[in-house]
Amino acid sequence: MTYTLYGSPGTASMCVHWMLIELGVPFEFVALDFEKKAQRDPAYLEINPAGHVPALVVDGKAYSETAALLMWLAERHPERNFAPAIGAADRPHYLQWMITLANSVMPAFRLFYYADEGAGPENAEATKAQAASRIALVFERIDALLADGRPYLLGHTMTAADFLLGMLARWSRNLPRTAMNWPHLKAYVERVRALPSYRKTHDAEGLSGWI
Ligand SMILES: N[C@@H](CCC(=O)N[C@@H](CS)C(=O)NCC(=O)O)C(=O)O
């Protein structure tokens with residue numbers, strides 16, 4: 001089994017990179033140069049026709065979609081319990097949060113950071129404001145959930161959802177209200193970003209501005 005992760009520092013590939021580091025499995029990270037539009041290179045489009053990162057090549061076959069990759073990696077390494085088993089009591093909440101983060105929060109971040117894509121460059125500021133308010137609504141719900149003192153989104157153990165949320169919290173650093181504006185979410189962020197695997201990912205990608 002070999003893993004090759006195609007990504008770009010600080011982007012959606014970060015949470016998959018982080019999970020691979022946390023899993024301690026061998027992998028190769030291929031950084032695409034967004035400045036040179038490497039994600040639109042025909043050779044890369046063969047790997048991910050959407051022209052997005054991340055893409056994960058496993059035993060010669062390419063797969064994409066951030067949340068799907070996290071959930072699949074969790075299943076491929078069941079010994080780490082990053083996904084509640086089928087039939088487990090917390091499985092519905094796990095699925096609910098993975099879908100909410102992938103389906104509501106990630107697209108809102110995409111709108112915020114690629115604001116021209118929403119309603120054209122002339123409406124970019126309104127698009128950003130709309131995106132930020134959508135993210136705030138979900139952060140509000142997550143903060144309420146974390147208020148019971150649970151260390152991770154689903155409870156006492158880390159799941160794939162924490163890799164996704166930990167990365168999305170970092171993306172909020174340029175929003176009018178960052179994740180640090182909610183007290184329980186702030187404590188959560190401080191907890192996950194202190195994890196050795198998070199630090200290692202941060203350093204490996206040469207990131208700054210959040211730790
Ligand atoms: N739905 C995709 C979205 C991924 C996505 O938007 N990736 C961004 C980086 S955060 C990207 O590849 N941007 C480059 C581009 O759109 O040209 C996923 O979850 O994997």
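Just so we're clear, the structure is a prediction, and the values are computed from it rather than from any experiment.

1. Some words on the pattern of salt bridges
At step 1: In this structure the tally under the stated criterion is five salt bridges.
At step 2: In this structure, Glu190 engages Lys186 in a salt bridge whose closest nitrogen and oxygen atoms are separated by 3.2 Å. With Glu190 and Lys186 both in helix α8 (residues 183-192) and four residues apart, the pair spans about one turn of that helix.
At step 3: Accessibility expressed as a relative area gives 35% for Glu190, which makes it partly exposed.
At step 4: By relative accessible area, Lys186 is classed as partly exposed at 33%.

2. Side note on the sheet that holds strand β1 (residues 3-7)
At step 1: Read across the sheet, four strands follow the order β2-β1-β3-β4 without closing on themselves; strand pairing throughout is mixed. At either margin of the open sheet sits one strand with a lone partner, and together these are β2 (27-31) and β4 (61-64). Averaged over all neighbouring strand pairs, the angle between strand axes comes to 20 degrees, with direction disregarded.
At step 2: Sheet topology places β1 next to strand β3 (residues 55-58); four bridges connect them, and they run antiparallel. Residue pairing in the sheet places Tyr6 in a bridge with Ala55 of β3.
At step 3: The sheet contacts of helix α1 (residues 13-23) involve β1, β2 and β3, and relative to β1 the element is tilted by about 150 degrees.

3. Overview of α8
At step 1: If you check which residues of α8 are buried, you get Leu185, Tyr188, Val189 and Val192. One face of α8 carries all of its buried residues, which in axial projection span an arc of 100 degrees.
At step 2: Those residues of α8 that are buried lie in contact with α1, α6 (124-146), α7 (160-171) and α9 (196-204).

4. Some remarks on unusual backbone geometry
Leaving glycine out, the prevailing phi sign among residues is negative, and the prevailing peptide bond configuration is trans.
At step 1: Residue Pro54 is reached from Val53 by a cis peptide bond, and omega for that bond is 5 degrees.
At step 2: With a phi close to 80 degrees, Glu65 is a non-glycine residue in the positive phi region.
At step 3: Relative to the helices and strands, Glu65 resides in the loop between β4 and α3 (66-76).
At step 4: Looking at Glu65, the relative accessible area reads 56%, which means it is exposed.

5. So, the nonpolar core
At step 1: In this structure, Met19, Leu70, Met98, Ile142, Leu164, Met167 and Leu168 are the most contacted members of the largest nonpolar core, which totals 63 residues.
At step 2: Of all elements in the fold, only β1, α1, β3, α3, α4 (91-113), α6, α7 and α8 reach the threshold of two or more residues within this core.
At step 3: At 10 residues, the largest contribution of residues to this core is made by α4.
At step 4: Lining this core are residues from two domains, each supplying at least three of them: domain 1 (3-81) and domain 2 (91-195).
At step 5: Setting aside its immediate chain neighbours within four residues, Leu70 contacts Cys15, Val16, Met19, Met98, Ala160, Phe163 and Leu164.
At step 6: With seven residues, the next largest nonpolar core counts Tyr6, Tyr44, Ala55 and Val57 among its residues.

6. Topic: the site of the ligand
At step 1: Near the ligand lie 14 residues; those nearest to it are Gln39, Arg40, Thr66, Arg110 and Tyr114.
At step 2: For the ligand, an oxygen atom lies 2.8 Å from a polar atom in the side chain of Arg110.
At step 3: Isolated, the ligand exposes 510 Å² of accessible area, and the fraction of that covered by the protein chains is 86%.
At step 4: Put simply, the ligand lies in the largest pocket.
At step 5: Counted by class, the shell around the ligand contains seven nonpolar, four polar and three charged residues.
At step 6: Looking at the shell around the ligand, you find at least three residues from each of domain 1 (3-81) and domain 2 (91-195).

Conventions used here
Residues numbered from 1 in each chain as written. Predicted model: local features only at pLDDT ≥ 70, side-chain atom pairs only at ≥ 80, totals over all residues. Heavy atoms only, no water. Salt bridge = Lys/Arg side-chain N within 4 Å of Asp/Glu carboxyl O. Helix = DSSP H or I, 4+ residues; strand = E, 2+ residues; numbered from the N terminus. Buried < 20%, exposed > 50% of the residue type's maximum accessible area, 1.4 Å probe, protein only. Pairing = 2+ DSSP bridges. Axes fitted to C-alpha atoms, helices over the stretch in contact; angles between N-to-C directions. Contact = heavy atoms within 4.5 Å. Arc of directions from axis to C-beta. Core = buried A, V, L, I, M, F, W, Y, C linked by side-chain atoms within 4.5 Å. Domains from an automatic or database assignment. Near = heavy atom within 4 Å. Polar contact = N/O pair within 3.5 Å; in protein donor to acceptor, adjacent residues only side chain to side chain. Areas by Shrake-Rupley, 256 points an atom, 1.4 Å probe, with all protein chains shown as cover. 1 Å grid on protein atoms, 1.4 Å probe; cavity = no way out; pocket = protein on both sides within 12 Å on 5 of 7 lines; lining within 4 Å. Sits in = over half its atoms within 2 Å of the grid points. Nonpolar A, V, L, I, M, F, W, Y, C, P; charged D, E, K, R; others polar.

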